[in-house]
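The chain contents come next:
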Amino acid sequence: MTFEGPPWLVRDSDTGRVLILEVPEGLKNHPVLQQRGIVITEPAKPGAVYTSDNLTQPQYAVKILDLNTEERAIYERLLPLDPASPNHTLPGCEIA
């Protein structure tokens, strides 16, 4: 398997086919997630958003930002705003 992005997808190394239900190794082994004890188990939006096991509380969602776009700057502007607004970010969202 190979890990490439954006979007952050896993491809079968023999066929090149996208393995849509797989979590990229780079995300599974990300040092910040490991330090926090967050184990990503499945895609919510393959290539961009992955989640922890829905049976384990709290459940986490990890959105991978494309640093080649203005996406990070947008999130940095939105995060200090009123967290009650559910229109743009998840509650408790932070950039790591």
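Small disclaimer: the values here were computed from a predicted structure and weren't measured.

Each value, and the rule that gives it
- For every chain, the first residue of its written sequence is number 1, and the numbers climb from 1 along that sequence.
- Residue-level local features of this predicted model are given only where pLDDT is at least 70; pairs of side-chain atoms are given and counted only at 80 or more, and the full residue set underlies all totals for whole chains, interfaces and linings.
- Note: side-chain values were computed over all heavy atoms of the structure, leaving out hydrogens and water.
- Secondary structure follows DSSP: runs of H or I at least 4 residues long count as helices, runs of E at least 2 residues long count as strands, and numbering of each begins at the N terminus.
- Between any two strands, pairing holds if DSSP finds at least two bridges.
- Inter-axis angles, ranging from 0 to 180 degrees, are taken between N-to-C directions of lines fitted to C-alpha atoms, where helices are fitted over the stretch in contact.
- Partly exposed residues are those whose accessible area sits between 20% and 50% of the maximum for their type, while under 20% is buried and over 50% is exposed, using a 1.4 Å probe and protein chains only.

Summarising the element assignment, D66 is placed in the loop between β5 (61-63) and α3 (71-78). Separated by 59 residues in sequence, D66 and P7 have C-alpha atoms that sit 7.9 Å apart.

As summarised here, the arrangement of the 3 strands in space is β3-β4-β5, forming an open sheet in which the pairing is antiparallel. With one partner strand each, in any of the chains shown, β3 (40-45) and β5 form the two edges of the open sheet. Averaged over neighbouring strand pairs, the angle between their axes works out to 30 degrees when direction is ignored.

Now for the pairing of β3. Of the pairings in the sheet, the one linking β3 to strand β4 (residues 49-52) comprises 4 bridges and is antiparallel in character. Paired with E42 across the strands is T51, a residue of β4. Between the antiparallel neighbours β3 and β4 lie 3 residues, among them G47 with a positive phi of about 95 degrees.

Another aspect to go through is the pairing of β4. Strand residues, when the strand is regular, have side chains that alternate between the two faces of the sheet. The alternating pattern of β4 places V49 and T51 and Y50 and S52 on opposite faces, both of which are buried. As defined by bridge partners, β4 adjoins β5 across 3 bridges and the pair is classed as antiparallel. Bridge pairing in β5 links V49 to K63.

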